[in-house]
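# Descriptive structure summary
One letter stands for each residue in the lines below.
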2 protein chains.
Amino acid sequence: MLAGPGRRENSAEHSWHLAVMALALAEHAPPGTDIGRVTAMLLVHDLVEIDAGDLFVYADEAQHARQEVAERAAADRIFALLPPDQAARLRGLWDEFEERRTPEARFARALDRLQPMLANLSAGGGTWKEHGITADQVLTKVALIEDGSPALGKYARDLVERAVRDGLLAPAPGGAVTP
Amino acid sequence: MLAGPGRRENSAEHSWHLAVMALALAEHAPPGTDIGRVTAMLLVHDLVEIDAGDLFVYADEAQHARQEVAERAAADRIFALLPPDQAARLRGLWDEFEERRTPEARFARALDRLQPMLANLSAGGGTWKEHGITADQVLTKVALIEDGSPALGKYARDLVERAVRDGLLAPAPGGAVTP
């Protein structure tokens, strides 16, 4: 996260920041979560952007479906550049993150959703303002944070309310902040 | 590492790259090494550069001594920005890396020494050429790689020989590559 409205962070910076967040916020992971595995997943989760590029989190479903195909092809190509045992190990981390079944993957995904919210708050609204995102859209992403960490989910929900109050995020078109 | 002679990588990129190297090269750590702890150390080891800046690895002893004092002051200030329990945990990782006593710290330090060598090889000589560094100087750093991982130490020693052969690194003034 770059704490300002200047250039956007690149994938290496983003991944480093998420991994450090995992270390600092480890106490908010469900008991027994292997934080080493969380950081490992966060370190490799965006390698596919080398080929597939990035997609805005609020893109439509068709765009997300196309992106998923592109990212899978990227993973097939990029991890296969490594010797087979390393390829299998790192690809396994990427698959685990994508499948979001283990507590480690769910906590890692929660951080990956929380971080852009913090970035937008630091950048005076950031991509929320640029793209006219409203609070109800952000709250659909908060559900994924809650799924990985109830404590961080609650924190994120409070952030959304504060962002609306501070004029950094438009309220839901209907008016209510909490659906 | 940026695979080219363009801009230098920043600390976030450098730390991400080292942590990914730790994942990929885990098999070259001594048996029983906790790779999660290695990546955690690598993720935080350069946070002090926020205050203390970076120092060229071949700077003289007096400069290194001043840098050490500056980095310790930076660690005191920066980690203390966190809540006490998080501060203690992350500061502990930083101290462990600096003290270089545990197998995890020694492997982490080995990677931190190996990575600039790879960067210089990719960048046609890079900082070796810029600063007129010779093979004997690089080999003093290779000792630290060997200390953390005999396998990576041997690999680094071979890299130095290759770099001299390929004209990317000047031979030792005396003439012999291997001291």
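My aim in this report is to walk through the structure given alongside it, one point at a time. Being a predicted model, the structure only gives us computed values, none of them experimental. (Residues numbered from 1 in each chain as written. Chains lettered and ligands numbered in written order. Predicted model: local features only at pLDDT ≥ 70, side-chain atom pairs only at ≥ 80, totals over all residues. Heavy atoms only, no water.)

## Here we look at the overall build of chain A
Applicable threshold: Each helix corresponds to a stretch of at least 4 residues labelled H or I by DSSP, and each strand to a stretch of at least 2 residues labelled E; elements are numbered beginning at the N terminus. Computation of the radius of gyration draws on C-alpha atoms alone. For the globule rule, the value is 2.2 Å times the number of residues to the power 0.38. Only protein chains enter the accessibility calculation, which uses a 1.4 Å probe; a residue is then buried when its area is under 20% of its type maximum, exposed when over 50%, and partly exposed in between. Only heavy atoms matter for contacts: two residues are in contact if any of them lie within 4.5 Å across the pair. Areas reported as accessible are Shrake-Rupley estimates using a 1.4 Å probe. Residue values count occlusion only from the protein chains shown. When charges are counted, neither His nor the chain ends are considered; positive counts come from Lys and Arg and negative counts from Asp and Glu. To locate a charge, take atom NZ for lysine, CZ for arginine, CG for aspartate or CD for glutamate.
The secondary structure content of chain A amounts to nine helices and zero strands. Listing every helix and strand of chain A by position from the N terminus yields α-α-α-α-α-α-α-α-α. For 179 residues, the compact-globule estimate of 2.2 N^0.38 gives 16 Å, and the C-alpha radius of gyration of chain A, at 17 Å, lies within 12% of that figure. Its C-alpha atoms put chain A at 55 × 35 × 30 Å along the principal axes. Sorting the 179 residues of chain A into buried and exposed places 48% on the buried side. Counted over contacts in chain A with a minimum sequence separation of 6, partners at least 24 positions apart contribute 64%. Of the roughly 8,500 Å² that chain A leaves accessible, carbon and sulfur atoms contribute 55%. In chain A, which carries 19 positive and 27 negative side-chain charges, the distance between the mean positions of the two groups comes to 2 Å.

## Quick notes on unusual backbone geometry
One non-glycine residue, Arg-100 of chain A, adopts positive backbone phi at about 55°. Note on Arg-100 of chain A: relative accessible area 29%, which makes it partly exposed.

## Regarding the packing of helix H2 (residues 35-44) of chain A against helix H6 (residues 103-122) of chain A
Residue and element names in this part refer to chain A. What counts, and what does not: Here an axis means a line fitted to C-alpha atoms, over the contact stretch when the element is a helix, while the angle between two N-to-C directions is reported on a 0 to 180 degree scale. Roughly parallel here means an angle under 35 degrees, roughly antiparallel means over 145, roughly perpendicular means 65 to 115, and every remaining angle is called oblique. We call a crossing left-handed when the near helix sits turned anticlockwise from the far one by less than a right angle, and right-handed when that turn is clockwise. Here the term charged refers only to Asp, Glu, Lys and Arg, the term nonpolar to Ala, Val, Leu, Ile, Met, Phe, Trp, Tyr, Cys and Pro, and the term polar to all other amino acids, Gly among them.
Direction vectors running N to C along H2 and H6 enclose 55°, while the axes themselves pass 9 Å from each other. When the axis of H2 is compared with that of H6, the two are oblique. Of the two possible hands of crossing, H2 and H6 adopt the one that is right-handed. When H2 is examined against H6, the residues Ile-35, Arg-37, Val-38, Met-41 and Leu-42 are found in contact with a partner set consisting of Glu-104, Ala-105, Phe-107, Ala-108 and Leu-111. In terms of residue class, the contact of H2 with H6 is made up of eight nonpolar, no polar and two charged.

## Here we look at the relation of the copies chain B and chain A
Quick note on the threshold: The fit set for superposing copies consists of C-alpha atoms from residues with pLDDT of at least 70 in both; the fit itself is least squares.
Between the two copies, chain B and chain A, the superposition gives an RMSD of 0.0 Å; the rotation angle is 180° and the shift along the axis is 0.0 Å. The transformation relating the two chain copies, once decomposed into turn and shift, fits a two-fold axis. In terms of C-alpha distance to the rotation axis, chain B has Gly-36 of chain B as its closest residue, with the C-alpha 2.1 Å off the axis. In this assembly the copies share their binding face: 100% of the residues contributing to the interface of chain B also contribute to that of chain A.

## A short note on helix H4 (residues 61-79) of chain A
Residue and element names in this part refer to chain A. Test applied: A helix is expected to span 1.5 Å for every residue after the first. It is the directions from the helix axis to the C-beta atoms that the arc portrays.
In a regular helix each residue adds 1.5 Å, so 19 residues correspond to 27 Å; H4 covers 26 Å between its end C-alpha atoms and thus fits that length. When we look at burial in H4, the residues that qualify are Gln-67, Glu-71, Ala-74, Ala-75, Ile-78 and Phe-79. With its buried residues spanning 100° around the axis, H4 presents them on a single face. Residues Arg-66 and Val-69 are exposed on H4 and point more than 90 degrees away from its buried face. Looking at the buried residues of H4, the elements they touch are H2, helix H3 (49-52) and helix H5 (84-99).

## Regarding the interface of chain B and chain A
The following threshold applies: Note on terms: buried area is the combined drop in 1.4 Å-probe accessible area of two parts once they are placed together, counting the loss on both. Each reported salt bridge corresponds to a side-chain nitrogen of Lys or Arg within 4 Å of a carboxyl oxygen of Asp or Glu.
With 24 residues of chain B in contact, the opposing surface of chain A contributes 24 residues. Contact between chain B and chain A buries roughly 1,800 Å² in total, counting both sides, with carbon and sulfur atoms accounting for 64%. If you look at where chain B meets chain A, you find two salt bridges. A salt bridge links Glu-27 of chain A to Arg-89 of chain B; the shortest N-O distance between them is 3.8 Å. Sorting the residues of the side of chain B that touches chain A by element identifies helix H1 (11-24), helix H2 (35-44) and helix H5 (84-99) of chain B as the ones contributing at least two each. With eight residues, H1 of chain B is the largest single contributor of residues to the side of chain B that touches chain A.

## Looking at the nonpolar core
Taken as a class, soluble globular proteins show a tendency for nonpolar side chains to be buried jointly. Note the following rule: Residues grouped as a nonpolar core are buried Ala, Val, Leu, Ile, Met, Phe, Trp, Tyr and Cys residues, joined through side-chain atoms within 4.5 Å.
Ranked by internal contacts, the top residues of the largest apolar core, which has 107 residues, are Leu-111, Met-117 and Trp-128 of chain A together with Leu-111, Met-117 and Trp-128 of chain B. Ranked by the residues each element gives to this core, the list is headed by helix H6 (residues 103-122) of chain B, at nine residues. When neighbours within four sequence positions are excluded, Met-117 of chain B is seen to be in contact with Trp-128, Val-138, Val-142, Ile-145, Ala-156, Leu-159 and Val-160 of chain B.

## Describing the environment of Leu-169 of chain A
Residues and elements named next belong to chain A. On the secondary structure map, Leu-169 appears in the segment after helix H9 (150-165). Under the relative-accessibility criterion, Leu-169 is labelled buried at 3%. Separated by 40 residues in the primary sequence, Leu-169 and Lys-129 have C-alpha atoms spaced 6.8 Å apart. With near-sequence residues (within four places) excluded, Leu-169 lies in contact with Trp-128, Ile-133, Thr-134, Ala-135, Val-138, Val-160, Ala-163 and Val-164.

## What to know about the pattern of salt bridges
If charged atoms from side chains of opposite charge come close, those side chains can pair. Residues and elements named next belong to chain B. Overall, the coordinates contain 20 salt bridges over all chains when judged by the stated rule. Across the pair Glu-96 and Arg-37 runs a salt bridge whose closest N-O atoms are separated by 2.6 Å. Here Arg-37 lies in helix H2 and Glu-96 lies in helix H5, a separation of 59 residues in the sequence. Judged by its relative accessible area of 11%, Glu-96 falls in the buried class. The partly exposed category is assigned to Arg-37, whose relative accessible area is 36%.

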